[in-house]
Number of protein chains: 2
Amino acid sequence: MLRMSTLFLRTLREDPADAEVASHRLLVRAGYIRRAAPGIYSWLPLGLKVLAKIEAVVREEMDASGSQEVHFPALLPREPYEASGRWKDYGPNLFRLKDRKDADYLLAPTHEEMFTLLVKDLYSSYKDLPLSLYQIQTKYRDEARPRAGLIRGREFIMKDAYTFDLTDEGLAASYAIQRAAYIRIYDRLGVPYVAVSAMSGAMGGSVSEEFLCPVEVGEDTYVRSPGGYAANVEAVTTVVPPAVPFADAPAPHVEDTPGTATIDSLVALANERHPRPDRAWTAADTLKNVVLAVTEPTGERNLLVIGLPGDRDVDLKRAEAALSPAGVEPATDADFARHKGLVPGYIGPGALGPQAREVGVEAAGADAGADGDTAVRYLLDPRVVEGTRWITGANVKDKHVFDLVAGRDFSADGTIEAAEVRAGDPAPDGSGPLELARGVEIGHIFQLGTKYAKALGLGVLDENGKARVVTMGSYGLGVTRVVAVLAELNNDEIGLRWPAHVAPYHVHVVATGKEDAVYVAAEGISEALETLGIEVCYDDRRQASPGVKFKDAELIGAPFIIVVGKGLEAGTVEIRDRRAGTTDEVGVAEAVALAAERVRAALGQAAVG
Amino acid sequence: MLRMSTLFLRTLREDPADAEVASHRLLVRAGYIRRAAPGIYSWLPLGLKVLAKIEAVVREEMDASGSQEVHFPALLPREPYEASGRWKDYGPNLFRLKDRKDADYLLAPTHEEMFTLLVKDLYSSYKDLPLSLYQIQTKYRDEARPRAGLIRGREFIMKDAYTFDLTDEGLAASYAIQRAAYIRIYDRLGVPYVAVSAMSGAMGGSVSEEFLCPVEVGEDTYVRSPGGYAANVEAVTTVVPPAVPFADAPAPHVEDTPGTATIDSLVALANERHPRPDRAWTAADTLKNVVLAVTEPTGERNLLVIGLPGDRDVDLKRAEAALSPAGVEPATDADFARHKGLVPGYIGPGALGPQAREVGVEAAGADAGADGDTAVRYLLDPRVVEGTRWITGANVKDKHVFDLVAGRDFSADGTIEAAEVRAGDPAPDGSGPLELARGVEIGHIFQLGTKYAKALGLGVLDENGKARVVTMGSYGLGVTRVVAVLAELNNDEIGLRWPAHVAPYHVHVVATGKEDAVYVAAEGISEALETLGIEVCYDDRRQASPGVKFKDAELIGAPFIIVVGKGLEAGTVEIRDRRAGTTDEVGVAEAVALAAERVRAALGQAAVG
C-alpha cells in the first residue's frame, strides 16, 4: 500500500513553463515524471508504476507472438552502423561519442545492425528460421526539437522487434503476426490507433505501416478516405492525371510581366494584360519553381528545383521523405547569390534540368553561377504531365513564358512527391476524397527486406545447401510515448483519470478531518482492499486539509476514490468514480466489496477517454 | 515452456578467446551473453531470465526496506556533475559527449547528483525525512581495463540507492536498514559475502563498507583477522609503533656506499663495511624513498616522495586511495631529469619536505630542478615514528646517511597509508594477524554525509524553521556482477550449475532417440511440470544426438534434468540432479510429482557452490 505521508511525491499547482500539451503538463504536475534535460525525463514512483504496467502488456503480447526477448547495449561501437550506412545517414540525430582510446561509439537509436549481427553470429541454416526477437530498451535520438514531454524525447523507451525469414512469403507472414500483436497490445492498453501506410525514412525497406494514435497534439499529419485508405502525409502518392493532347497548342511566347515575383501578382497581371478567352487564369495555371538545398549524408550540398502547380506549396516533410536520407531546407540568399541564373520569382524550366544541361548553361539569359555549375537538378510534381500548358518564369527579371507545354518545350530529371497534400485530394486507391487528421506515432512496423542482411552479411544455407540472404522485418513500439498518449486521452480540467489497467493504483483512499476513528476506518478499508489484490494509495496525512487531499487525488487520477470522513458517524463512506464523475454514498461495511467489484469491472475493459 | 528447437541459442564448444575466468567463459559458451564491444555485452534469452530473477529479489528487498523506486536517465547534462566536482574527478572513466547544440553530456556512472537535485526539487521540510530512494539502472564507466566478462564491464546494471536524513543518527539508522537489506539480498540469492571497511574513493564521505564475494578471480584484495576484522586493502590502517627514545643515538654520518642503488645491495654493503655490533642490518633498517607523480583532477601534476621501511613496497592502489581524487603513477625518467636533486637510488629526506624548504633548495648537494621547484612534498609511512634510526640516501650518488633519526634529523609533510599490507601484519583493532584474500566487489554502502547536499544546495527547514543541510547515504549493488559471481561460484568442468532460484529454468527435459513415444511422453512431462508452476526447457530436437543434448543441458546448467529415452519401454525416466551429480531412475507416473517436489525443496534454500 502506498501512503501519501511517505510517498515520494509533491504535486504542483502550477503548470511547468515548458509544457504545451496536457499529458506533459499533468504528468509533471501530478508527480509522474520530472525533466532532467531537454527531452530527457526522470521517472518518479507513480510514473514508474504506470510504465511497468504498460511494459508488462507489451512483453506478454510479444512473448505470446512467439518473439523471444533479448537485450542489447545502448552504447555501441561505430563499425556495424558504418557498415549499414547509418553512422552517416542518421546525421545529427545520432548521439556520437568516443571512448578513452578514441574509438567511436554511439547511443543506439534502434538496433537493426546488432540484431542482424547477433543472428549472423549464432544461426546459419534455413532450419533456424523463421525467428523473431525483441527487446524493451532505452533509446537515444538527438532530436532537433524535443517537445511535448514524453511524446518526442531524446532518451525514451522503445520495444523493438525484428523478424528473420528465408523468403518474401515468410516475411509477409512474420509481418502479419507482428501486426496482430500490435493490435492486441493497443487494444489491451485501451489506446485507439489508425494504421497508416508509411514511408520508411532512413530505415530502408518497402512495406511499412505506422500506428498513429489520433490525438490533436500529435505532430504527425495523416490522411484518410471514406473508403478506408489511410496513410501518413509522406506516403500519399498523387493521382496522376492523363496526358493532354497538345498538337494545336500555340508556341510558347515570352511576355513582359513587371513586378510579378509572386504567384498572386502574376495571376492578376496575366488576367489584366493577357486575358484567357474561356475563363480567368488561376494559380493552378502557373508552374511554380521552388529552390531547395539538399544535403547528402556525405555532407555534399546541392540545389534542387521542384516544379509544381502554383496553387500548391512544397511540403518540406514530404520532400525530405522523398529525398531521404538526404536533408532538405529552403535555399538561402547565399545560394541564390551563387547561382545567378536562378532569378527569384522568375525561375523557369529553361534554366533547369536536361534542357539546360543540353545547351550547357546554368540559366538562359544569364551567366553561369559563380561556382561554375551548369544546370540545377529539376524534379516535377506528378501532376505536370505531358501536354499541360503553363505560365512560368523566363529566367529574366519581370518576364514570364506563356503556353509552355510540358514534354514539348521542357522536361525534367524526374518527378517527386513533394507537393502538399490537401483535404479533398483523391485517395490514390480511388476510395474517395482525403481528409486530414493529426496523431502521435505509437508504432512503426515494416518489411525491411535484405538491406541490413546484405550490408552485414547475414545469410543462411537453404534446403539445397545454397547461400541465401535473410529477409528481415522491423517493428518498433514507443513505450514511453504510450504513457504520454494514455495521459493525453485520459484527463480533464482537474487532472488525470487513468483507466484501471494502467493506473498507478486502483483506489485512492482519502481520510478527512482530525478524528482518529476516521483514520482507523480508512486504514482498515485500505488494508482490506489490498488483501483482495486491489492496489491502494491511502492518504493518511493528518496535516493536509480535505481540499488539498481531494485535489491531489483528482490530479493523480486513480479511477476510484473512497472518501472516509464526516459520513462515518452515520456509517457511510463515499465511493467516487473519477472517470464517470459519479459519487455514491455506501455503508462502511459494503464499501470494500463494492469498490473491489468496481475495480474488477473496470479492469475487465480497456476503457478509453 | 522453452523449446530447444526454437530457443534462440547456440551453445559453443570452444571457449571465447578473451575469456580468462569461468563465469565469462561459460556464460558465453552456454549462450547467456555475447560480447558487443570491450566490456559491453548483449543479453540472450537465457541470460535475461537469470538477470530478471536477480533484479526481482533486489527490487523486493529494496521495497521491503521502505525504499521507493524511481528511474533516472543515463544521459545527463554536465552541470550537476560540474557542481559536485565529479565531471573532473571521474577523469577518463567518464563517458562524455556533446549533443547537437554542443552542450556537454555524460553517461552516468552513478547518480548522486540527480537524486540530490530531485529531492531538493520536491522536498523542503524535516517532516519529509527520512527518505530512501533507489533505482535499478544501466550505468556507464569507461574502464581502462574491462575484464572478466560481466565482472568489470563498461555498461552494466546497478541498483543504486540513496538515503536522506536530517541528523547523523538518522543517517546511521538509514545505513543500518540498507545494510540489513543487502544482507537479505545476498542471502536470498545465495551469494556469500564479506563486509569490509572501505575507503570511499572519489565518492567522498566517511563510513563505508564494501561487500565482497570471496572468489579467487576477484580483483579486489581484502584482509581479515582471526578476531573478525575485515577491510579492503586500501582501508587498512597501520598499527603505529610507540616512539623510540633517541637521547643516546649517535649523530648522523654520511658514508661512501658505491653501487648501492637498490635496498639489497645497500644492506649487503652496510653489513660488510659498517657491521652493526648486535645483529645484521636488514632491509627494515633502511628508509626507502619512492617517487610518485600525482595528477590532480585539475590536471596539475606534482611529484611526491613517500618514505617507508625498505622491506616494504608502495602499493599504488593504497596510495591512490589515500590521495583520491588525484591520480598516481610512478615517476618517469623525464620527472627525474627535471628534478636533478632527486638522485635515483640515493634519495634521502634532506632533499625533501619541510627541512629542504627551510633551506630553500630542492635537494642538498645539488642545484634546484630545471623548473625551479624547491623541495618536493614528502610523506612518511606511519611506522617511521619519532626516534627511529635509519640508513637512507644522502642525495648524492654512491653515498648514504647512517643513524638518521626521525624527528631529530628530519621531518615530513605528513604520513600516508601507502605501504603494502602483508599477511601477518597486525589488524588495526588488535584482533590478530591479517591474512589476505581475494574477492569481487558486489556492493558498496557508505555514509556520504553532506558532500553532495552542500555542493548542490539540498537543505530542509528543521523543527525551528532553521535551514539544515541534509545528510546522505549511498548504496550500490552490482546486479550484472551478481550474475557473474553466481556463475563463478556455481559451475564445474562441464558447465554451469545454477541454484534453482536463479536458474533460467528449473528442469531441462531431454528426449532421446527417434521414437515418437519418447517425444510424446517428454512433452507430457514438460507440460505437466509447467502446470505445476515449474519452469521447463524441453529439448524437442529430433535431429540432435543424445550426446549433444546432454552436453547442452549440462552446459546450460539447470538444476534438474529429466531424461526420457530408452527406459520408457520399461516405464521409467531418469531424474538427474545437476548440482548433486546424482541420477535416479523413477517411474514415468511419479516423475512429475517427484521432480516438482525436488524443485520446490531446492527453491526453499539459497544453495551455494
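Quick caveat, the model's predicted, so the values are computed rather than measured.

Summing up its helical and strand segments, chain A has 15 helices and 31 strands in all. In terms of overall dimensions, chain A has C-alpha extents of about 95 × 70 × 50 Å along its principal axes. Here chain A holds 609 residues, and 49% of them are scored as buried. For chain A, long-range pairs separated by at least 24 residues make up 71% of all intrachain contacts whose partners lie at least 6 apart in sequence.

Right, let's talk about the interface of chain B and chain A for a bit. Counting residues at the interface gives 39 residues for chain B and 39 residues for chain A. Looking at the side of chain B that touches chain A, the elements with two or more residues in it are β2 (33-37), β3 (40-43), α2 (45-64), β4 (68-69), β5 (75-77), β6 (95-98), α5 (112-122) and β8 (131-140) of chain B. Taken together, the residues of the side of chain B that touches chain A break down into 27 nonpolar, 4 polar and 8 charged.

Residues and elements named next belong to chain A. Per the domain assignment, the segments of chain A are domain 1 (16-236 + 435-488), domain 2 (253-405) and domain 3 (496-603). Summarising the inter-unit geometry, the C-alpha centres of domain 1 and domain 3 are found 38 Å apart. Among the elements of the structure, α1 (22-29), α2 (45-64) and α12 (479-489) are those that each provide at least two residues to the side of domain 1 that touches domain 3. The element best represented in the side of domain 1 that touches domain 3 is α2, accounting for 5 residues.

All names here are of chain A. The element strand β11 (residues 208-213) is extensively covered by neighbouring structure, given that 6 of its 6 residues are classed as buried. Alternating residues of β11 divide into S208, E210 and L212 and E209, F211 and C213, and every residue in both groups is buried. Here strand β10 (residues 194-197) pairs with β11 via 4 bridges, running antiparallel. When the sheet's bridge partners are listed, S197 is paired in β11 with E209. Here β11 runs beside strand β21 (residues 435-449); their pairing, made up of 6 bridges, is antiparallel. Bridge pairing links F211 to G443 in β21.

A separate point is the relation of the copies chain B and chain A. With an axial shift of 0.1 Å and an RMSD of 0.2 Å, the rotation relating chain B to chain A amounts to 180°. As the rotation angle and translation indicate, the two copies are arranged about a two-fold axis. Residues of chain B ranked by C-alpha distance from the rotation axis are headed by L97 of chain B, positioned 2.5 Å from it. Of all interface residues in chain B, 100% are interface residues in chain A too; the two copies therefore contact each other through one and the same surface.

The subject of this paragraph is helix α7 (residues 263-273) of chain B. Residue and element names in this part refer to chain B. The set of residues buried in α7 consists of I263, L266, V267 and A270. Down the axis of α7, the buried set is contained in an arc of 100°. They therefore lie on one face. Residues of α7 that are exposed and angled more than 90 degrees away from the buried face: D264, E272 and R273. On its buried face, α7 is in contact with β15 (287-295), β19 (389-393) and β20 (399-405).

Quick look at the sheet that holds strand β20 (residues 399-405) of chain A now. Residues and elements named next belong to chain A. Strand order across the open sheet formed by 3 strands is β14-β20-β19, with antiparallel pairing between neighbours. If you trace the sheet from one side to the other, it starts and ends with β14 (253-256) and β19 (389-393), each paired once. Averaged over all adjacent pairs, the angle separating strand axes in this sheet is 25°, with direction ignored. Where β19 lies against β20, 4 bridges are found, and the strand directions are antiparallel. Within β20, the position partnered with T392 by the bridge is V401.

All names here are of chain B. Here we have 3 strands laid out as an open sheet, ordered β14-β20-β19, and antiparallel in their pairing. The sheet terminates laterally at β14 (253-256) and β19, the two strands that pair on one side only. The mean inter-strand angle of the sheet, taken between neighbouring strand axes irrespective of direction, is 25°.

Looking now at the nonpolar core. With 272 residues, the main nonpolar core has V507, I562 and V564 of chain A together with V507, I562 and V564 of chain B as its most contacted residues. If sequence neighbours within four positions are ignored, I562 of chain A has contacts with V507, V509, V510, I525, V573, E574, I575, A591 and A595 of chain A.

Right, let's get into the environment of A56 of chain A. Along the polypeptide, A56 of chain A turns up in helix α2. According to the C-beta neighbour criterion, A56 of chain A is exposed, with 11 such atoms within 10 Å.

All names here are of chain A. As a packed pair, α2 and α12 sit with axes 10 Å apart at the nearest point and diverge in direction by 120°. Judged on the interaxial angle alone, α12 and α2 are oblique. Two packed elements cross with a definite hand, and for α2 against α12 that hand is right-handed. For the pair formed by α2 and α12, the contact residues are V50, L51, I54, E55 and V58 on the first element and V479, V482 and V483 on the second. Its residues assigned to classes, the contact of α2 with α12 comprises 7 nonpolar, no polar and 1 charged.

Here we take up the pairing of strand β30 (residues 572-577) of chain B. All names here are of chain B. Sheet topology places strand β29 (residues 560-564) next to β30; 4 bridges connect them, and they run antiparallel. Opposite I561, over in β30, you have R576 as the bridge partner. Relative to strand β31 (residues 582-587), β30 runs antiparallel, the two sharing 6 bridges. Paired with V573 across the strands is V586, a residue of β31. What sits between β30 and β31 in their antiparallel hairpin is a turn of 4 residues, with G581 showing a positive phi close to 80°.

Each packed pair of helices is defined by two parameters, the angle between the axes and the distance between the axes. Residue and element names in this part refer to chain B. Two elements in contact, α2 and helix α6 (residues 168-189), have axes separated by 9 Å at closest approach and are oriented at 150°. Considering the angle they form, α2 stands roughly antiparallel to α6. α2 and α6 meet at a crossing whose hand is right-handed. Packed against α2, whose contacting residues are I54, V57, V58, E61 and M62, the element α6 presents A181, R184, I185, R188 and L189 at the interface. Looking at the contact of α2 with α6, its residues break down into 7 nonpolar, no polar and 3 charged.

For L131 of chain A, the position within the fold is in strand β8 (residues 131-140). Sequence separation between L131 of chain A and R301 of chain A is 170 residues; the distance between their C-alpha atoms is 41 Å. Discounting chain neighbours no more than four positions away, the residues touching L131 of chain A are V119, T163 and F164 of chain A together with F8 of chain B.

Here we take up α2 of chain B. Its 20 residues place the ends of α2 of chain B 29 Å apart at the C-alpha level, agreeing with the 28 Å of an ideal helix rising 1.5 Å per residue. In the segment just after α2 of chain B, G66 of chain B is the residue with positive phi, at about 90°.

All names here are of chain B. Its location among the elements puts K139 in strand β8. A count of 21 C-beta atoms within 10 Å places K139 in the buried class. Along the chain, K139 and M158 lie 19 residues apart, while their C-alpha atoms are 6.6 Å from each other.

Residue and element names in this part refer to chain A. In this structure, P130 follows L129 across a cis peptide bond, with omega equal to -5°. Within the chain, A148 stands out as a residue other than glycine whose phi angle is a positive 60°. Here A148 lies in the loop between β8 and β9 (155-165). For A148, a count of 24 C-beta atoms within 10 Å translates into the label buried. In this structure, D398 takes a positive phi of about 65° despite not being glycine. Among the secondary structure elements, D398 is positioned in the loop between β19 and β20.

What follows concerns the confidence of the model for chain A. Scored by pLDDT, chain A comes out at a mean of 91, with 95% of its residues at no less than 70. On the interface metric, ipTM, the complex scores 0.84, and its pTM is 0.84.

What counts and what doesn't
Residues numbered from 1 in each chain as written. Chains lettered and ligands numbered in written order. Predicted model: local features only at pLDDT ≥ 70, side-chain atom pairs only at ≥ 80, totals over all residues. Helix = DSSP H or I, 4+ residues; strand = E, 2+ residues; numbered from the N terminus. Buried ≥ 20, exposed ≤ 12 C-beta atoms within 10 Å, placed from the backbone. Contact = placed C-beta atoms within 7 Å. Nonpolar A, V, L, I, M, F, W, Y, C, P; charged D, E, K, R; others polar. Domains from an automatic or database assignment. Pairing = 2+ DSSP bridges. Least-squares fit on C-alpha atoms with pLDDT ≥ 70 in both. Arc of directions from axis to C-beta. Axes fitted to C-alpha atoms, helices over the stretch in contact; angles between N-to-C directions. Core = buried A, V, L, I, M, F, W, Y, C linked by C-beta atoms within 7 Å. Parallel < 35°, antiparallel > 145°, perpendicular 65-115°, else oblique. Left-handed = near helix turned anticlockwise from the far one by under 90°. Expected span 1.5 Å × (residues − 1). pLDDT = per-residue confidence, 0-100.

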